[in-house]
Each structure stands twice: as structure tokens, then as C-alpha cells.
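Structural features, examined
Residues per chain, in single letters:
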Amino acid sequence: MSATHKIYFYPVWLRVWHAINALGILILIITGISMQSDMDSNVIGFNMTVNLHNIAGVVIFVSYFAFFIGNLVTNNGRFYLIKMKGFFKRPIKQGMFYVWGMFHGEKYPFPLSEKRKFNPLQKYFYVLVMYLAVPVVIVTGLALLFPEIIIDKVYGISGVFMTAILHSAMGFFISIFLIIHLYIASVGKSPLENYKSMITGWHHV
Amino acid sequence: MKRIIAKKKYCWILIISIALLSNLSNLHAQSYKNAQHHQCLKCHSNQTYSFKNEVTNKEVKRLMNPYYILDTIAMSAGVHKGFDCTDCHSSEYQAYPHKSTLKLDPLSTCLDCHGGDEAFASYKFDKIQEEFKKSVHYKVYGDNFSCSKCHNQHTYVATARNSSNVLEIVDFDNKMCLSCHNDMKKYNLVAGHINPKLVQIHSWLPNQELHFSHVRCIECHTEVIDSLMVSHNILSKDKAVKKCVQCHSSDSKLKASLYKYQNLQKRSEKGFGSAILTNSSYTIGTHQSPTLKLLSIVIFLVTLGGIIIHSIFRILKK
Ligand code: HEM
């Protein structure tokens with residue numbers, strides 16, 4: 001493969017979804033944290049914060065369908081399938097590359113190609129976030145939007161309480177994902193390379 | 001031997017007289033139940049009343065002023081059920097038509113009996129009075145705003161103290177406020193004007209219905225003091241709690257107000273642990289649990305630290 005080889009990794013629908021999703025999740029994280037903490041200086045006020053969180057939540061809900069259906073009907077879904085072979089070995093290898101190999105001139109252990117868009121570690125994180133964390137946060141979020149539908153007591157503990165804990169714990173997980181995601185995306189040919197790919201759709205291998 | 005018999009005799013006299021005395025209060029309660037035979041309630045528990053007009057010598061039927069109709073069932077459950085009407089109202093009311101000058105007789109106030117009395121010390125009536133005098137109700141209407149505007153002396157039950165069900169406490173207490181604030185006819189009687197609709201005023205409040213049935217109006221509309229079971233300093237509208245975090249946080253206002261009572265009961269019933277768990281439900285998010293809060297901060301810092309160290313190596317090893 002030549003150094004100028006390009007792969008069209010990110011089709012338009014994916015880029016549009018990703019942009020909406022990223023913006024929405026950012027708003028949700030900021031408003032979510034601000035609701036938990038007693039931020040007196042909150043510029044837009046608590047009501048506005050709650051409204052914004054609700055609206056962004058619904059946008060994410062709708063856009064998640066786009067992602068889910070997109071991955072079902074296009075080829076993109078296959079990048080999210082996890083192979084049982086080397087279930088632990090492969091991501092550990094990638095992890096070792098990040099903490100050791102890349103500083104010692106080692107070769108990229110899982111070179112990207114038309115068949116492989118994500119390295120194993122990245123794949124696990126994307127699957128966890130997109131098929132576990134985001135759906136759970138959406139379902140619990142919708143439940144909290146209509147608290148009448150939540151079961152009153154589960155083993156003597158308030159149902160709303162459990163839902164709220166689950167919602168914010170998953171929200172927290174997504175926030176941590178986002179921080180790592182943003183940082184790891186800067187590990188590439190050049191720090192901005194991957195970001196550019198997500199805008200143009202083309203990835204330079 | 002003789003001394004012992006004499007002692008026994010006194011004992012019996014004491015027991016019988018106590019029984020008689022306690023029965024006396026029951027006698028009155030009985031009469032509430034048989035309202036038709038009660039001198040006052042035969043008229044005051046009905047929409048209409050009849051009497052013989054001495055002037056025209058005719059039997060006439062009149063409408064009772066709706067605010068003078070008493071709920072005898074609620075009365076016989078109320079804290080004052082042991083009293084008869086004329087214990088507080090002049091005995092001259094027993095004659096009909098009631099003498100017009102009776103209106104000028106001052107009625108006893110709550111504090112006339114409850115104030116400065118050791119028997120009611122735990123209720124802190126005097127402190128309540130002091131707090132009430134700072135409230136909007138007193139500031140605007142002065143002495144015309146009596147305790148009975150909220151605490152119907154005929155039917156009152158000390159729910160917050162005795163109920164083991166928070167929702168019942170909420171419902172009972174909120175009905176006190178809503179009896180005027182959600183009834184413009186009654187509101188107008190006190191205020192002389194009507195008030196905008198409650199639902200509209202509170203439209204900013206998320207999940208309004210849920211809030212109204214799970215917390216009391218006074219949670220946001222009073223200044224809470226620890227020494228009182230129920231705070232009586234009702235604040236003006238602009239001083240009401242409007243920030244969600246004031247309740248939905250680890251040091252929630254509710255701990256000092258509504259959940260004060262539940263805490264007491266839950267702790268004795270189920271033990272301390274479950275009380276803490278079930279009682280923090282008003283907090284938003286993971287911060288409801290101090291352990292999760294700490295954990296999330298640690299994870300965040302570790303992530304950040306990892307990224308910083310990684311970046312430093314990337315720059316150095318370039
Ligand atoms: C400001 C916010 C974000 C930026 C700048 C950003 C950037 C990127 C970049 C550069 C890529 C392509 C390179 C790669 O795969 O690593 C990417 C892919 C991806 N991002 Fe993000 N991201 C953001 C937020 C998010 C959020 C909030 C989520 C999910 C909750 C997310 C989920 C994904 C997924 C699933 C992919 C792979 C999409 C695919 O190719 O199928 N991103 N992102």
C-alpha cells in the first residue's frame with residue numbers, strides 16, 4: 001500500500017450522524033453536570049439548562065435511530081462485529097502499543113484497511129458506547145422525562161432513584177469515553193489527521 | 001389488713017372517677033355523631049335548617065351559610081373532638097335566633113389554651129406564633145389571619161406528627177394551602193381579590209403534578225427552622241425556593257423539613273441504612289450517593305492524568 005492510499009471510511013450519513021451526535025452529547029454532558037452541581041453562576045439558568053438537556057436528549061434519541069438503522073443496512077455495521085478469536089489478546093496488544101510500542105518505534109499492530117476501520121480496543125469501546133451506554137442512557141432518560149411510568153419501588157428503593165443513578169452513571173461513562181475518544185483520535189499520522197477524516201470522509205492509510 | 005382494704009377502696013374511687021371523666025369527652029363525641037339530636041349541629045351540619053318564625057307563626061326553611069356548615073364526621077376525628085360547641089362558643093348561642101351582640105364577644109384564640117402551657121410544650125405554640133408573625137399572611141392581614149385560616153379547629157388532625165406515610169402528610173398539609181389558594185371564592189374572602197392560577201404560576205416547575213403530590217407547598221414557601229416541626233414563616237412569593245438543587249442535592253432542604261418526620265419513623269422501623277438510601281431520592285444523578293460521587297471524581301482524574309502523561313511522552317519522544 002502506498003503512503004497516499006485513501007479509503008472512504010466515513011460516508012455522508014455517518015458524518016452527519018456523528019456531528020449531530022457529538023454536538024448533542026456535548027450539550028448533554030455540560031447541562032447534565034451543571035444540574036448535579038450547585039452552579040449558582042450558571043449563565044443560562046436552571047430552567048433553560050433542564051430544557052436544553054431535554055431537547056438535546058430527544059435529538060440524540062432520534063439520531064440514534066439513524067445510526068442504528070445505518071449500521072444495519074449499510075456495510076458500516078460489520079466494523080462493529082467482535083471476533084471471539086483473541087478476544088482479550090488483541091485489544092491488549094493494541095493497548096500495549098499505546099503505552100509502550102508507539103514510543104519505541106514499533107509498527108502499528110493492526111493496520112487499517114478496507115476490511116478494518118477500527119483497531120480492536122477502539123472497536124470494543126465503540127460497541128460498549130453505541131450498543132450499551134447510549135441505549136441505556138436514552139431509555140432511562142426517557143423514563144425520567146415521564147417519571148409516572150417508572151415502577152414506584154424496587155425492593156424498597158425508589159424506582160426513580162435507581163433510574164436516575166443508572167442514567168447518570170452511564171452518562172458519566174460516555175463522558176469518560178468522549179475524553180479518551182477525543183484524545184486517541186489525535187494519535188495518527190499527524191494530530192489533526194483523524195479529525196480531518198471525520199469531516200472529509202477520507203482516511204489516509 | 002384494714003389499711004390495705006382502705007387503700008384498695010381509694011384506688012377504686014380513683015379508677016372509677018378517671019373512667020367517668022374520660023367518658024365525659026366521649027359523650028360529646030357521641031353527640032357529634034348524632035348530629036340530628038345535637039342542639040347546634042342539627043342546623044349546622046345541614047345545607048338547610050328549619051325553625052318556627054315567632055312573628056309570623058310559620059315553620060320556615062332557610063339556607064345555611066355554607067361556611068357555617070360543619071363536617072361532623074371529620075369533627076369526631078379531630079383533635080378537639082372532646083369539646084362541645086359551647087366550650088368555645090357562648091352558651092347563649094343555644095337560643096335561636098342567635099343574639100346579634102354575640103358576634104361582638106371575642107372568641108378564644110388558639111394560644112389562649114395552647115400558649116404557655118406545659119402540656120403542649122412539645123408543640124412549641126409560642127415559637128410558632130413568633131414565626132407566624134414574620135410570615136406574609138400576618139404581614140398582609142394582621143390579626144385577621146388567625147391560625148384557623150389554615151388549621152380548621154373543628155376538624156384538625158396532627159398528621160405530620162402522627163402519620164407514618166409521607167404522602168398522607170403531603171396531601172393533608174397541601175390541602176390546607178389549597179383550600180384557599182386553589183379556591184378563588186375562599187381566597188377572595190380573605191384577600192379581597194383573586195389570585196392567578198396555581199398551575200400557571202408553577203408552570204416552570206418540571207413534573208409539576210409529581211411535585212405537588214410528593215412534597216408540600218411549605219417546603220419551598222417557608223423558611224425552615226430546625227426547632228420547629230413545621231415552619232410557619234411563610235415567605236413572600238419572590239423568596240420561594242426556585243432552584244432544583246436546593247432540594248435535589250446531598251444537603252437537601254427536605255432533610256430539614258418533610259423528611260424530618262420520615263427519618264424519625266424509618267430509623268426506628270427499618271434501621272438507619274435503608275432510611276438513608278430511600279431518603280436521598282430527591283438528589284439528582286449519581287451525586288445521590290457519596291461513594292459514586294467520589295468514584296466518578298477519581299476516574300475522571302485518573303483519565304485526565306493518563307492523557308497528560310501520554311501527551312508528555314508523545315512530545316518528548318517525537
Ligand atoms: C466533539 C466531539 C467528537 C469528536 C471531535 C469526535 C471525533 C471523531 C473522529 C475523528 C472519528 C474518526 C476516527 C476514529 O474512529 O477514531 C470519530 C469516530 C467515531 N465517533 Fe466520534 N467524536 C466526537 C464525539 C463522539 C461521541 C459523543 C460519540 C458517541 C457517543 C462518538 C462516537 C464515534 C463513533 C461510534 C465513531 C466511529 C464511527 C464509524 O466510523 O462507524 N463520537 N469521532
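Right above here is the structure, for reference.
Residues numbered from 1 in each chain as written. Chains lettered and ligands numbered in written order. Predicted model: local features only at pLDDT ≥ 70, side-chain atom pairs only at ≥ 80, totals over all residues. Heavy atoms only, no water.

Here we look at the overall build of chain B
Rules: Segments assigned H or I by DSSP are reported as helices when at least four residues long, segments assigned E as strands when at least two residues long, and all are numbered from the N terminus. A simple rule labels every residue: compare its accessible area, found with a 1.4 Å probe on the protein chains alone, to the largest value its type can have, and call it buried under 20%, exposed over 50%, or partly exposed in between. Whether two residues are in contact is decided by their heavy atoms: any pair within 4.5 Å suffices. Where accessible areas are quoted, they stem from the Shrake-Rupley method and a 1.4 Å probe; at the residue level, only the protein chains shown are allowed to cover.
Within chain B, the secondary structure is distributed over 16 helices and two strands. Counting every position in chain B, which comprises 318 residues, the buried fraction comes to 29%. Looking at chain B alone, contacts between residues at least 24 apart form 54% of all its contacts between residues at least 6 apart. Only carbon and sulfur atoms are counted for the fraction: they give 61% of the accessible area of chain B, which is about 21,300 Å².

Description of the packing of helix α1 (residues 12–36) of chain A against helix α2 (residues 45–73) of chain A
Residue and element names in this part refer to chain A. Counted only if it meets this: Simply put, an axis is a line fit to the C-alpha atoms, just over the touching stretch for a helix, and the angle between two N-to-C directions goes from 0 to 180 degrees. Angles below 35 degrees are treated as roughly parallel, those above 145 as roughly antiparallel, those between 65 and 115 as roughly perpendicular, and all remaining angles as oblique. Note on convention: the crossing is left-handed when the near helix lies turned anticlockwise from the far helix by less than a right angle, right-handed when the turn is clockwise. All amino acids are sorted into three groups, where Ala, Val, Leu, Ile, Met, Phe, Trp, Tyr, Cys and Pro are nonpolar, Asp, Glu, Lys and Arg are charged, and the leftover types, Gly among them, are polar.
Two elements in contact, α1 and α2, have axes separated by 8 Å at closest approach and are oriented at 150 degrees. Put simply, α1 runs roughly antiparallel to α2. In the crossing of α1 with α2, the sense of the turn from one axis to the other is left-handed. Considering only residue class, the contact of α1 with α2 consists of 16 nonpolar, eleven polar and no charged.

Brief notes about the nonpolar core
Residue and element names in this part refer to chain A. What counts is decided by this rule: Among the buried residues, those of types Ala, Val, Leu, Ile, Met, Phe, Trp, Tyr and Cys that are joined through side-chain atoms within 4.5 Å form a nonpolar core.
Counting 28 residues, the largest nonpolar core has Tyr-64, Phe-67, Tyr-80, Met-130, Val-134, Ile-138 and Ile-174 as its most contacted members. Counting only elements with at least two residues in this core, the list comes to α1, α2, α4 (120–145) and α5 (159–184). If you tally residues by element for this core, the top one is α4, at eight residues. The contact partners of Phe-67, leaving out residues within four places of it in the chain, are Trp-13, Trp-17, Tyr-80, Met-130 and Tyr-131.

Digging into the pairing of strand β2 (residues 58–63) of chain B
Residue and element names in this part refer to chain B. Using the following cut-off: We call two strands paired when DSSP finds no fewer than two bridges between them.
In terms of burial, β2 is largely open, as just zero of its six residues are buried. Inspection of the sheet shows strand β1 (residues 48–53) paired to β2 by six bridges, in the antiparallel sense. Looking across to β2, one finds that Phe-51 is bridged to Val-60. What sits between the antiparallel neighbours β1 and β2 is a turn of four residues, in which Asn-57 has the positive phi angle 60 degrees.

Side note on the side chain of His-137 of chain B
All names here are of chain B. When you line up the elements, His-137 lands in helix α7 (residues 136–141). Residue His-137 is classed as buried on the basis of its relative accessible area, which comes to 15%. In contact with His-137, not counting residues within four places along its chain, are Phe-132, Gly-142, Phe-145, His-181 and Ile-234.

A look at the packing of aromatic side chains
Each aromatic ring pair is summarised here by two numbers: the centre-to-centre distance and the angle between the ring planes. Residues and elements named next belong to chain A. Keep this limit in mind: Think of it this way: a Phe, Tyr or Trp ring, Trp meaning its six-membered ring, pairs with another when their centres are within 6.5 Å, and the plane angle makes it stacked under 30 degrees, edge-to-face over 60, tilted otherwise.
Under the definition given, this model contains 30 aromatic pairs over all chains. Taken together, a centroid distance of 5.2 Å and an interplanar angle of 75 degrees make the contact between Tyr-80 and Phe-118 edge-to-face. Pair noted here: Tyr-80 is in the loop between α2 and α3 (89–99) and Phe-118 is in the loop between α3 and α4, with a separation of 38 residues, a long-range link. Residue Tyr-80 is classed as buried on the basis of its relative accessible area, which comes to 10%. A residue is classified by how much of its surface remains accessible, and Phe-118, at 6% relative accessible area, is buried. Where Phe-87 meets Phe-88, the ring centres are 4.9 Å apart and the plane angle is 90 degrees; that geometry is what we call edge-to-face. Overall, Phe-88 belongs to the exposed group, its relative accessible area being 59%.

A few points about the environment of Lys-317 of chain B
As for its position among the elements, Lys-317 of chain B is in the segment after α16 (290–316). Residue classification places Lys-317 of chain B among the partly exposed residues on the basis of a relative accessible area of 46%. Every residue in contact with Lys-317 of chain B, bar those within four places of it in the chain, is listed here: Phe-103 and His-104 of chain A.

Structural notes on the site of the ligand
Residues and elements named next belong to chain A. Rule in force here: The criterion for a residue being near a molecule or strand is simple. One of its heavy atoms has to lie within 4 Å of it. For the purposes of these results, a polar contact is taken to be a pair of N or O atoms within 3.5 Å, where, inside protein, one atom must be able to donate a hydrogen and its partner to accept one; residues adjacent in sequence count only when each atom of the pair is a side-chain atom.
If you check the shell around the ligand, you find 22 residues, and the closest are His-18, Tyr-80, Lys-117, Tyr-126 and His-181. Between a nitrogen atom of the ligand and a side-chain N or O atom of His-18, the distance comes to 2.7 Å. Among the elements of the structure, α1, α4, α5 and α6 (193–200) are those that each provide at least two residues to the shell around the ligand. At six residues, the largest contribution of residues to the shell around the ligand is made by α1. Among the residues making up the shell around the ligand, the classes are represented as 15 nonpolar, six polar and one charged.

Overview of the pattern of salt bridges
All names here are of chain B. Our working rule: Whenever a carboxyl oxygen of Asp or Glu lies within 4 Å of a side-chain nitrogen of Lys or Arg, that contact is scored as a salt bridge.
Overall, the coordinates contain seven salt bridges over all chains when judged by the stated rule. Residue Glu-92 is joined to Lys-99 by a salt bridge in which the shortest nitrogen-to-oxygen separation is 2.6 Å. Linking Asp-173 and Arg-216 is a salt bridge whose minimum nitrogen-to-oxygen distance equals 2.9 Å. Highlighted residues: Asp-173 in helix α9 (residues 166–181) and Arg-216 in the loop between α12 (208–214) and α13 (217–221), separated in sequence by 43 residues. Exposure remark for Asp-173: the relative accessible area of 9% places this residue in the buried category.

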